[in-house]
Amino acid sequence: MNHRLSLSIAALATLAFGCGGSEKPATLESSPVVNPEPGPAPEAVVAETPAAEPPKLRLGDSVVPRVDAGYQVALDLDPARADFSGTVDIAVEVREPVTTVWLNAVDLTVSEATITAGGRSVPARAEVVKDHPLIGLSVDEPLAVGNATIHIAYSGKVSDKDLGGIFTQVQDGHKYLYTQFEPIDARRAFPSFDEPSFKVPWQLSLTVPEDMVAVSNTAVATEKKIDGGKKLLTFEKTKPLPSYLVAFAVGPFDIVDIGTAGKNKTHLRVIVPKGDAAKTAYVKKSIPALLSLLENYYGSGYPYPKLDTIAIPHFFGAMENAGAITYASSIILRDPKDMTISFRRRSANIVAHEMAHQWTGDLVTMSWWNDLWLNEAFATWMAAKTVSTWKPEWHGDIKAVSTRERALMADSLLSARKIRQPITTENDIHSAFDAITYEKGASIIAMFESYVGEENFQKGVRNYLAAHAWKNATSEDFLGAIAAVAGDTGKETMSAFSTFLNQPGEPIVSVALSCTDGHKPSLSLSQKRYLPIGSSGSTDSTWGIPVCVEYGSGKSHDTACTLMTEKTATLTLDKAKTCPTWVLANANAAGYYRVAHQPDMLAKLAVDKKHHLTIAERLNVLSNVEAAVHSDVMPLDKVLSLVPELAREKNPFILGEALSIASVHDGMIDDDLKDEYAGFVRKNFSRLARRIGWKPRRKDDDQVKLLRPELLQFDGVRGHDMRVARAATKLAHKWLKNHDAVDASVAGTALSMAAYYGDEKLYNEYLAAAKAEKEPRDRRMLIGALTGFRNLDLLKKNFQMFLDGTFEIHESFWLLLTPDAFPEGDKLRHDFVTANIDAVAAKVPRWYRARVINVAVGKCSVEQRDAIKTFFAKRAQDYAGGPRALAQMVEHLDLCIAYKHAQKESLESFLNKL
């Protein structure tokens, strides 16, 4: 957990056909296609002035797909080909007479289009609207109101770079084909009503090479061999799904059957690239266990007939396709001998997240992207709850603090979104997938769950799912379900919840204790928007905040709560018998707000010598201390003075927070004080680093295992601890000879630290090893280590390898990074990216193009801010989510500049006294 807005800017970058099929699919039963041989329809034309005015973003509801029939899609697919072909038949309802039906489509070529209504089939002109993701199917006479069927034959493109639409990947010489349709890439696979509110059944038929495996959302209904060494697979019809949840994959997969689980004895399989079956040991255990826990909470069985877990070699994150969840291989596949605790935790949390979506997101789907939080925040919150139940020793309450802190960091920006941000452009859709939607949304859910009570909240969630199963829902639907179980306070609770959904920013609650004779002790509370140093925003915002406090004196310990809906409030501590000696204004660290305690109260809480607080509560207090430094309420030297005492504690979580507090960005420190800062780091952490050491011990608990690489990296690099660094270099050479000789939990740290102090000879050894490495995880670790050398010529070589395609494109992006605390490297990276911007942007997959803005940033300065702002002003418009990414980067730089100016004197004073 780290609140520092002055973090390395580069680190932010690390913050996803020929002719038709051999057989025409069966016609839709409820709307038969009658085709009296009208002859071929005209080929699609690019229409500068289409026959009808195209929609701006949403398709409207003049013509909609029918819930009782939906889509039939037939595709001819081969991972070896760069194109595909197919047909789609869509049963629709014409709600008003129109001569043009609008569908979403991108990079699709229509060869035939007909619309059948009233027993008559007529050809339609397919008009492509330039620079819009649309085709218009136009007919000469208005379509009659009622049922109709659209038939389209078309072809499209398969990408070997982008991870959206239909794309291919290669592993060990084998080619695989996958899909990723969220948020708006189903339109690259089939002309469709590509919006979440259009939720209807789908039936897919895939023609694929005979020796390939094909999987989709549902099980195979029929399979038969056909001419040309192919086979035709028809899958069972799905339950109602929006287009973005449809999925399929084709390739020479290995299929690992892990039996059945859950109330409905759901069939579970893991679909992996050829040869990776042995790496499924962990998910074979975690998936059944987590599925059963989710069913228990939701009160209903898993909603789909089967669940496939599909591994994609070069992918980022995961996708909750109904019954066919896809994951980056690195999330779910791991050699048992390299099974680190960090892998197990990350894997379990992401798997739980995606499976939670099968209810909140798939069974019940948001109506529009402004309510994406109903999908993503719920899954984030539910995953944490589920994993904590499964593995209580993993301290889910402490993970919740770090989740909340990430959200608060993002929410402190003026450019932060609302959770329910209006969606008016495609860029708005892409920008919605961020920490505000995921982490802030999850933290708000957790806060109000605590306020309403877990049992009541669970009942509200179950009622919400039951009422909207197989349908769409809105925030109002969910809040209404919670209000209904909250009793007399339901309306007030719903209103308070909405204040966090419908405005950006985070509250900070100031707390003052008052004890006067003849009266019960009380707390004076006031709220405003928290803003960091340099922000030009207004603090004049008000939320409905469930404020719960803990307080005590001696051995007594009590709580008091209030729903604070105005700017000020008074909370009487009715159970207090005397004036409390300590007060914590965020009990259980459950609230999504920062706290400004009185200085004397804060000092007691930060150190907590009497151990009144839980570890989660202490971490929350310390994060508020860091927030006070960044809002210029507390000088930096005062918080740095906490480090020696915190670094002497035994709890690994507190030690991790000590590292966070001690981590001052290198750009803050003048050259003549760098040695003093390194000495400060060594004085407080070197002894601990050497005691914990590079080699794990049997007695180590999970928290020590997680702390070890972070501590060693900080001491070795920021503290210039050469004993630790020399040990890292020895381990790096040892690992290069035999990966099994070094514990997997520290191998990456050893490689990167050795690089930081390494020379060209070591660089060449890393490069040769990376080129020869067959294991994706180890190859990526080596590529990452190549970016750690402080030699400008070697960094130039990395940049050139990125352009040359030395490594697979999804691994090459990291070659654009440079070492932390290396200003010369930052400048080199900035100069390279801006000088080669078109080539760099062309190499980066569409989803990640906006990250080029982050990578281009060099040092934190006025000149750099102005240069980035000017350089990307127009270019950002062409990157998915680019305008917001640029706005946030410029704001980060503004805040960094202001923070350096405000705290520089305090930092220098502290270091000069060492």
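Just so we're clear, the structure is a prediction, and the values are computed from it rather than from any experiment. For every chain, the first residue of its written sequence is number 1, and the numbers climb from 1 along that sequence. Where totals are concerned, whole chains, interfaces and linings use all residues; where local detail is concerned, this predicted model gives features only for residues with pLDDT of at least 70, and gives and counts side-chain atom pairs only at 80 or more. The basis for the side-chain values is all heavy atoms of the structure; hydrogens and waters are excluded.

1. Overview of the state of the cysteines
Any cysteine sulfur atom paired with another within 2.5 Å is treated as part of a disulfide. This model, assessed by the stated rule, comprises three disulfides. Note on cysteine connectivity: Cys 548 is disulfide-linked to Cys 561, with sulfurs 2.1 Å apart. Torsion about the S-S bond of the Cys 548 and Cys 561 cystine: about 115°, corresponding to right-handed handedness. On the criterion of sequence distance, the pair formed by Cys 548 in strand 27 (residues 545–552) and Cys 561 in strand 28 (residues 558–564) is long-range, its members being 13 residues apart. Cysteine pairing for the protein, with bonded cysteines counted in sequence order: 1-4, 2-3, 5-6. Elements are defined by DSSP. Helices are runs of H or I of four residues or more, strands are runs of E of two residues or more, and each kind is numbered from the N terminus.

2. Some details on the sheet that holds strand 26 (residues 522–529)
The strand order across the open sheet built from four strands is 29-26-25-31, with neighbouring strands paired in mixed fashion. Each edge of the open sheet is held by one strand with a lone partner, namely strand 29 (568–572) and strand 31 (594–596). Looking at each pair of strands side by side, their axes are set apart by 30° on average, direction ignored. Here strand 25 (residues 507–514) runs beside strand 26; their pairing, made up of eight bridges, is antiparallel. Bridge assignment links Pro 507 to a residue of strand 26, and that residue is Arg 529. A pair of strands is considered paired only if DSSP assigns at least 2 bridges between the two. Only the stretch in contact is used when fitting a helix axis, every axis being a line fitted to C-alpha atoms; angles between N-to-C directions are given from 0 to 180 degrees.

3. So, the nonpolar core
Nine residue types can take part in a nonpolar core, namely buried Ala, Val, Leu, Ile, Met, Phe, Trp, Tyr and Cys, and a core is a set of them joined through side-chain atoms within 4.5 Å. Each residue gets one of three labels from its accessible area relative to the maximum for its type: buried under 20%, exposed over 50%, partly exposed in between, using a 1.4 Å probe on protein chains only. Residues Leu 137, Phe 478 and Tyr 766 are the most contacted members of the largest nonpolar core, which totals 291 residues. For this core, the element with the most residues is helix 28 (residues 882–912), which contributes ten residues. Setting aside its immediate chain neighbours within four residues, Leu 137 contacts Thr 99, Thr 100, Val 101, Leu 103, Ala 113, Ile 115, Ala 124, Arg 125, Ala 126, Ile 150 and Ile 152. By definition, residues are in contact when any of their heavy atoms lie within 4.5 Å.

4. Section: unusual backbone geometry
Working note: non-glycine residues mostly have negative phi, and peptide bonds are mostly trans. Cis geometry marks the peptide bond from Glu 182 to Pro 183, where omega comes out at 0°. Here Pro 183 shows up in the loop between strand 12 (174–180) and strand 13 (202–209). The phi dihedral of Ala 589 is positive, around 55°, even though this residue is not glycine. Among the secondary structure elements, Ala 589 is positioned in the loop between strand 30 (582–584) and strand 31.

5. A look at the packing of helix 1 (residues 281–298) against helix 4 (residues 373–390)
Between helix 1 and helix 4, the shortest axis-to-axis distance is 10 Å and the interhelical angle comes to 110°. By the angle between their axes, helix 1 is roughly perpendicular relative to helix 4. The two elements helix 1 and helix 4 meet at a crossing, and its hand is right-handed. Residues Tyr 282, Ser 286, Ala 289, Leu 290, Leu 293, Leu 294, Tyr 297 and Tyr 298 of helix 1 form the contact with helix 4, whose own contacting residues are Trp 381, Met 382, Lys 385, Thr 386, Val 387, Thr 389 and Trp 390. Only Asp, Glu, Lys and Arg are considered charged in this grouping, and only Ala, Val, Leu, Ile, Met, Phe, Trp, Tyr, Cys and Pro are considered nonpolar; every other residue, Gly among them, is considered polar. Of the residues that constitute the contact of helix 1 with helix 4, the class distribution is eleven nonpolar, three polar and one charged. By the definition adopted for this analysis, an angle is roughly parallel if under 35 degrees, roughly antiparallel if over 145, roughly perpendicular if from 65 to 115, and oblique otherwise. Left-handed describes a crossing in which the near helix is turned anticlockwise from the far one by less than a right angle; the clockwise case is right-handed.

6. Some remarks on the pairing of strand 8 (residues 125–129)
Bridge count between strand 8 and strand 9 (residues 134–138): four bridges; the pairing is antiparallel. Its bridge partner lying in strand 9, Glu 127 is registered against Gly 136. Hairpin connection from strand 8 to strand 9: four residues lie between these consecutive antiparallel strands, with Asp 131 at a positive phi of about 65°.

7. Brief notes about the pattern of salt bridges
What makes a salt bridge here is a side-chain nitrogen of Lys or Arg within 4 Å of a carboxyl oxygen of Asp or Glu, nothing more. Taken as a whole, this structure holds 48 salt bridges when the rule is applied. Ionic pairing is found between Asp 740 and Lys 337, a salt bridge with its closest N-O pair at 3.0 Å. Here the residue Asp 740 occupies a position in the loop between helix 18 (722–737) and helix 19 (744–756), and Lys 337 occupies one in the loop between helix 2 (329–332) and helix 3 (341–357), the gap between them amounting to 403 residues. Of the two residues examined, Asp 740 and Lys 337, each falls in the exposed class. Linking Arg 420 and Asp 371 is a salt bridge whose minimum nitrogen-to-oxygen distance equals 2.6 Å.

8. Here's the deal with the environment of Lys 399
Along the chain, the position of Lys 399 falls in helix 5 (residues 396–411). Lys 399 gets classed as partly exposed once you look at its relative accessible area, which sits at 35%. Spatially, the C-alpha atoms of Lys 399 and Ala 616 are 8.4 Å apart, while their sequence positions differ by 217 residues.

9. A short note on the sheet that holds strand 30
Strand order in the open sheet formed by three strands is 28-27-30, and the pairing between neighbours is antiparallel. The open sheet is flanked by strand 28 and strand 30, the only strands paired with a single partner. When the angles between neighbouring strand axes are averaged without regard to direction, this sheet yields 20°. Sheet topology places strand 27 next to strand 28; seven bridges connect them, and they run antiparallel. Considered in strand 28, the bridge of Val 549 is made with Ala 560.

10. A look at helix 11 (residues 599–607)
Considered for burial, the residues of helix 11 that qualify are Met 601, Leu 602, Leu 605, Ala 606 and Val 607. On its buried side, helix 11 packs onto strand 25, strand 30, helix 12 (615–630) and helix 14 (643–647). Backbone geometry just after helix 11 places Asp 608 at a positive phi near 50°.

11. Here's the deal with the layout of surface pockets
The distinction between a cavity and a pocket rests on a 1 Å grid over the protein atoms alone: a 1.4 Å probe fits inside a cavity but cannot get out, while a pocket stays open yet meets protein on both sides within 12 Å along at least five of seven lines, and a residue with an atom within 4 Å of a point counts as lining. Grid points are joined across faces, edges and corners, and a volume is the space filled by probe spheres set on the points. In this structure, the second largest pocket occupies an estimated 800 Å³ of space. Taken together, 31 residues form the lining of the second largest pocket, with Val 106, Asp 131, Pro 133, Arg 188 and Glu 426 sitting closest to its centre. For the lining of the second largest pocket, the secondary-structure elements that each account for two or more residues are strand 8, strand 9 and helix 6 (426–431). The greatest single-element share of the lining of the second largest pocket, amounting to three residues, is contributed by helix 6. When its residues are assigned to classes, the lining of the second largest pocket shows 14 nonpolar, six polar and eleven charged.

12. So, the pairing of strand 11 (residues 165–171)
Of all seven residues making up strand 11, six are buried, and the element is well covered by its neighbours. Where strand 11 and strand 12 come together, seven bridges link them in antiparallel fashion. Paired with Phe 167 across the two strands is Tyr 178, which belongs to strand 12. The antiparallel hairpin formed by strand 11 and strand 12 contains two residues in its connecting segment, where Asp 172 sits at a positive phi of about 50°.

13. A closer look at the packing of aromatic side chains
The rule is short: rings of Phe, Tyr and Trp, with Trp giving its six-membered ring, pair when the centres are within 6.5 Å, and they are stacked under 30 degrees, edge-to-face over 60, tilted in between. Per the counting criterion, the structure on display carries 48 aromatic pairs. Here the aromatic rings of Phe 448 and Phe 500 are separated by 6.2 Å at their centres, their planes lie at 75°, and the arrangement is edge-to-face. In this pair, Phe 448 is assigned in helix 7 (residues 436–452) and Phe 500 in helix 10 (residues 490–501), connecting sequence segments 52 residues apart. Residue Phe 448 is classed as buried on the basis of its relative accessible area, which comes to 0%.

14. A look at empty space enclosed by the protein
Looking at the largest cavity, its volume works out to about 130 Å³. Considering the residues around the largest cavity, the lining is formed by Gln 171, Asp 276, Lys 279, Ser 329, Ser 330, Leu 333, Arg 334, Asp 335, Glu 775, Pro 776, Arg 777 and Arg 780. Secondary-structure elements contributing two or more residues to the lining of the largest cavity are helix 2 and helix 21 (776–786). For the lining of the largest cavity, the per-class residue count stands at two nonpolar, three polar and seven charged. Each pocket or cavity is described by its volume, and for the second largest cavity that value is around 80 Å³. Phe 316, Phe 802, Ile 809, His 810, Phe 813, Trp 814, Val 844, Pro 845, Tyr 848 and Arg 851 are the residues that line the second largest cavity. A class-by-class count of the residues in the lining of the second largest cavity yields eight nonpolar, one polar and one charged.

15. Section: the side chain of Asn 321
Along the chain, Asn 321 turns up in the loop between strand 21 (318–319) and strand 22 (324–328). Those residues in contact with Asn 321, other than ones at most four positions away along the chain, are Asn 217, Tyr 244, Leu 245, Val 246, Ala 247, Thr 326, Gln 358 and Asp 362.

16. A closer look at helix 4
The length a helix should cover is 1.5 Å for every residue beyond the first. If you check helix 4, its first and last C-alpha atoms are 24 Å apart, about what 18 residues at 1.5 Å a residue would give, namely 26 Å. Among the 18 residues that make up helix 4, 14 are buried, leaving the element largely enclosed by the rest of the structure.

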